Amino acid sequence: MPQPKPQNASRDIVGQDLDTIQDRGFMTFAAYEDYPPWSYTEGGKIVGVDIEIGKLIAEDLGVEARFNLVAPGEDLLTDLRNWIWKGPIVGGAVVNVMLHVPYDSEFACRVEQVVFTGQYHQEQIAIAYRKDDYPDEKPIPAYFRFDTVGVENDSIADFYLSAFPGGQLSGNVTRYPTMTEAMEGLDQGATMAAMGPLAELEFGLTENTDVHTPPLPGFAVGKWTAGVGVHFAYRPLAYAVGDAIYAGLQDGRIEQIFTDFGLTHTPPEFQ
């Protein structure tokens, strides 16, 4: 399918090229709202792992980082269309870089309008649990035939447990609007375990809880890589952003960001 030419894009696309960004002194990032530990508001300030990675990129390019917290759309393609290559129908404008874009080579080949670059972390599904409930053995999915577990509603962990043979787990799964609330429920004893992305579980741990990463049989998407997205027409910007993230992986700055938030950093496998 033919790619849209930059000069035929909306006026919001102006200012996307690397020279313009460096001349004006700032670059813009889109990050998901209410998404701890990645991007969220605390005390009136935008904070999170992805926010610090955006600052790292901007610092390496010699400019200021400016952030726009956005609500997730129906799917990733909608988010990329809204914030990278077309702009939302109502309110807002495209940004220079979208943070926390899951990388999938097949999807990347289909979406020609976006350069997927700067993979900085491999995330995986894990299980958090109350230490009092599991003093010896740590829970695995089969335990939830008898034990209670919390998940974020309509998440991949929810789908995985719902598809367990014969619906054996259905009565023991509690669905929460967010992973943060699932971890709060776990801490308060509403469930014995919680299942979801490792970073979100680690961020919600208390003295009552712990987390581990057991084998997950039949889980096709138990691991994935997070990176960034840049408009396809601005290759020099994409290269500069990718180089900044690669440098941050090599010199330990990205690992330190994760450590500062109490998280485990797993570099992408190609590193």
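A quick note: this is a predicted structure, and the numbers were derived from the prediction, not measured.

J.: How would you explain the overall build of the chain if you had to name every residue and give the values?
T.: Counting its secondary structure elements, the chain contains nine helices and eleven strands. Whereas a compact globule of 271 residues would reach a radius of gyration of roughly 18 Å, the chain reaches 20 Å, a difference of no more than 12%. Sorting the 271 residues of the chain into buried and exposed places 50% on the buried side. In the chain, the proportion of contacts linking residues at least 24 apart, taken out of those at least 6 apart, comes to 72%. Measuring between centres, the 17 positive side-chain charges of the chain sit 6 Å from its 39 negative side-chain charges.

J.: Tell me about the side chain of Asn172, and please be specific about residues and values.
T.: Residue placement: Asn172 occurs in the loop between helix H5 (156-162) and strand E8 (173-176). When its relative accessible area of 17% is taken as the criterion, Asn172 is described as buried. In this structure the side chain of Asn172 is engaged in a polar contact, spanning 2.9 Å, whose partner is the backbone oxygen of Arg145. Here Asn172 is in contact with Phe144, Arg145, Phe146, Asp147, Thr148 and Val149, once residues within four sequence places are set aside.

J.: Give a detailed account of the pattern of salt bridges, specifying residues and quantitative values.
T.: By the definition in use, this model includes six salt bridges. In this structure, Lys55 and Glu52 form a salt bridge, with 3.3 Å as the shortest nitrogen-oxygen distance. In this pair, Lys55 and Glu52 are both assigned in helix H2 (residues 49-61), three residues apart and thus about one turn of the helix distant. A relative accessible area of 38% means that Lys55 is categorised as partly exposed. One salt bridge in this structure joins Asp158 and Arg175, with 2.9 Å as the shortest N-O distance. Residue Asp158 is found in helix H5, and its partner Arg175 is found in strand E8; the two are separated by 17 residues along the sequence.

J.: Before we move on, can you summarise the domain arrangement of the chain with the specific residues and values?
T.: Domain annotation for the chain reports domain 1 (18-122 + 224-261) and domain 2 (123-212). Its C-alpha centre places domain 1 at a distance of 29 Å from the equivalent point of domain 2. Opposite the nine residues of domain 1 that make contact, domain 2 presents nine residues. Across the interface of domain 1 and domain 2, roughly 820 Å² is buried in total on both sides, 66% from carbon and sulfur atoms.

Conventions we followed
- Residues numbered from 1 in each chain as written.
- Predicted model: local features only at pLDDT ≥ 70, side-chain atom pairs only at ≥ 80, totals over all residues.
- Heavy atoms only, no water.
- Helix = DSSP H or I, 4+ residues; strand = E, 2+ residues; numbered from the N terminus.
- Rg over C-alpha atoms; globule rule 2.2 N^0.38 Å.
- Buried < 20%, exposed > 50% of the residue type's maximum accessible area, 1.4 Å probe, protein only.
- Contact = heavy atoms within 4.5 Å.
- Lys, Arg positive; Asp, Glu negative; His and termini not counted.
- Charge placed at Lys NZ, Arg CZ, Asp CG, Glu CD.
- Polar contact = N/O pair within 3.5 Å; in protein donor to acceptor, adjacent residues only side chain to side chain.
- Salt bridge = Lys/Arg side-chain N within 4 Å of Asp/Glu carboxyl O.
- Domains from an automatic or database assignment.
- Buried area = accessible area lost by both parts, 1.4 Å probe.

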